[in-house]
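The chain contents come next:
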Amino acid sequence: MSDQRQTVLLVEDNPGDARLIKESLADSTGTFFDLETADRLATALRRLSIGGIDAVLLDLALPDSKGQNTFDQARAHAPTVPIIVLTGLGDEALALKMVREGAQDYVAKIDLNGTILSRAIRYAIERERAEQQIRRFNEELEERVRLRTAELEATNQELEAFSASVSHDLRGPLHLIDGYSTLLEETHGALLKPEGKKCIDRIHKGVQDMAGIIESLLNLSRLGRRQLKMQSASLDEVLTSVLADLKTGIQDRQIEWKVGKLPVVNCDVA
């Protein structure tokens, strides 16, 4: 922590306790605190609203407020200012509850001395600053995630539009190929030799395969928007389908497939 002086607001209605705390901080060596005092919660809240307070020493039992209400109002008026709760005998359970709800620390009045008090204040200020930095980092991270999500959404929309356009442009020539090959088969099929008929069949098969690829491209572009439909699928059947698709392209090659028994898995088969 730097040597810059810190302004501490002491909220305490007991003049004797207030004097003791002030003297304890004054006697503590190596501390840099300017102490301001308030004997009512209303006075403390007005001072907190002005700003410039680095830490609050808060007695929960005040003439105009008691217990939880005292802490809640102080916290609401200055949510980023660390609060150290001052406790009397029998108040430890309540003080621990305040720490769980946002107080940085608590100090029993019976244990007060300059070293304990100054250390509690310094650590409270350091912890609050660290927590604020973490909150800022989290907010920045959330904003980055939001921006990246928006960018990804825009990219997905562009991809879907592009895929739809390409698919539309490809389907036109594909229909022509399929149509003319069908016309050729119907009008001149009797004149074709067996090899020619095989060529016509391959054209039809190629058209069907290409149509399937186009449909797959469209489905791929929509994956980001589509809900997963989980169901059991046999990987043996999936592999059989893949090998069937590869058969035409590898018929002139000598390939030996060695495949063991594959499991049934839960997945989206589409």
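What you see is a predicted model, and the numbers here were worked out from it, not measured in a lab.

J.: Explain the overall build of the protein chain to me, and be specific about the residues and the numbers.
T.: Helices and strands together make up the secondary structure of the protein chain, namely seven helices and nine strands. Compactness check: the protein chain gives a C-alpha radius of gyration of 38 Å against a globular reference of 18 Å for 270 residues, more than 25% above the reference. Structurally, the protein chain occupies a C-alpha span of about 120 × 40 × 35 Å along its principal axes. When each of the 270 residues of the protein chain is scored for burial, the buried share is 27%. Long-range contacts, defined as pairs at least 24 residues apart, comprise 71% of the intrachain contacts of the protein chain with a sequence gap of at least 6. Total accessible area on the protein chain is roughly 17,900 Å²; 55% of this is exposed by carbon and sulfur atoms. A gap of 3 Å separates the mean positions of the 34 positive and 43 negative side-chain charges of the protein chain.

J.: Which residues make up the confidence of the model for the protein chain, and what are the values?
T.: In this model, the protein chain carries an average pLDDT of 83, and 92% of its residues clear a pLDDT of 70 or more. The element-level mean pLDDT for the protein chain is lowest in helix α4 (residues 92-100), coming to 78, with helix α2 (residues 41-50) highest at 93.

J.: Outline the pattern of salt bridges, listing residues and values.
T.: Taken as a whole and judged by the stated rule, the model has nine salt bridges. With a shortest N-O distance of 2.7 Å, Arg146 and Glu143 are connected by a salt bridge. With Arg146 and Glu143 both in helix α5 (residues 114-188), this residue pair falls three residues apart, about one helical turn. Classification of Glu143 as partly exposed rests on a relative accessible area of 35%. In this structure, Lys205 engages Asp209 in a salt bridge whose closest nitrogen and oxygen atoms are separated by 2.9 Å.

J.: Any chance you could break down the sheet that holds strand β6 (residues 83-87) for me, citing the residues and the numbers?
T.: Pairing is parallel across the open sheet formed by five strands, whose spatial order is β2-β1-β3-β6-β7. Only two strands of the sheet have a single neighbouring strand rather than two, namely β2 (33-38) and β7 (105-108). Averaged over all pairs of adjacent strands, the angle between their axes in this sheet comes to 20°, without regard to strand direction. Here β6 runs beside β7; their pairing, made up of four bridges, is parallel. What sits directly across from Val85, in β7, is Tyr106. With respect to the sheet, α2 is in contact with β1 (6-11), β2 and β3 (55-59), its orientation differing from that of β1 by roughly 160°.

J.: Explain the nonpolar core residue by residue, including any values.
T.: Counting 21 residues, the largest nonpolar core has Leu9, Val56 and Leu58 as the members making the most contacts within it. The dominant element in this core, judged by the number of residues it contributes, is α2, at four residues. In terms of nonpolar packing, the next biggest core, distinct from the first, is built from 17 residues, Leu25, Phe33, Val107 and Ile125 among them.

J.: Describe the environment of Gly52, naming the residues involved and giving the relevant values.
T.: One can find Gly52 in the loop between α2 and β3. On the accessibility criterion, Gly52 (56% relative accessible area) is exposed. Remark: the alpha-carbon pair of Gly52 and Arg129, spanning 77 residues in sequence, is separated by 15 Å.

J.: Provide a residue-level description of the side chain of Arg75, including the pertinent values.
T.: Considering the arrangement of structural elements, one finds Arg75 in helix α3 (residues 67-77). Here Arg75 occupies a buried position and makes no salt bridge, while the nearest side chain of opposite charge, Glu128, is found at 4.3 Å.

J.: Describe α2, and please don't skip the residues or the numbers.
T.: Buried within α2 we find Leu41, Ala44, Leu45, Arg47 and Leu48. When α2 is viewed along its axis, its buried side chains cluster within an angular range of 165° and face the same direction. Exposed residues on α2 whose side chains face more than 90 degrees from its buried face are Arg46, Ser49 and Ile50. Taken from the residues just after α2, Gly51 is the one with a positive phi, measuring 95°.

Procedures and definitions
- Residues numbered from 1 in each chain as written.
- Predicted model: local features only at pLDDT ≥ 70, side-chain atom pairs only at ≥ 80, totals over all residues.
- Heavy atoms only, no water.
- Helix = DSSP H or I, 4+ residues; strand = E, 2+ residues; numbered from the N terminus.
- Rg over C-alpha atoms; globule rule 2.2 N^0.38 Å.
- Buried < 20%, exposed > 50% of the residue type's maximum accessible area, 1.4 Å probe, protein only.
- Contact = heavy atoms within 4.5 Å.
- Areas by Shrake-Rupley, 256 points an atom, 1.4 Å probe, with all protein chains shown as cover.
- Lys, Arg positive; Asp, Glu negative; His and termini not counted.
- Charge placed at Lys NZ, Arg CZ, Asp CG, Glu CD.
- pLDDT = per-residue confidence, 0-100.
- Salt bridge = Lys/Arg side-chain N within 4 Å of Asp/Glu carboxyl O.
- Pairing = 2+ DSSP bridges.
- Axes fitted to C-alpha atoms, helices over the stretch in contact; angles between N-to-C directions.
- Core = buried A, V, L, I, M, F, W, Y, C linked by side-chain atoms within 4.5 Å.
- Arc of directions from axis to C-beta.

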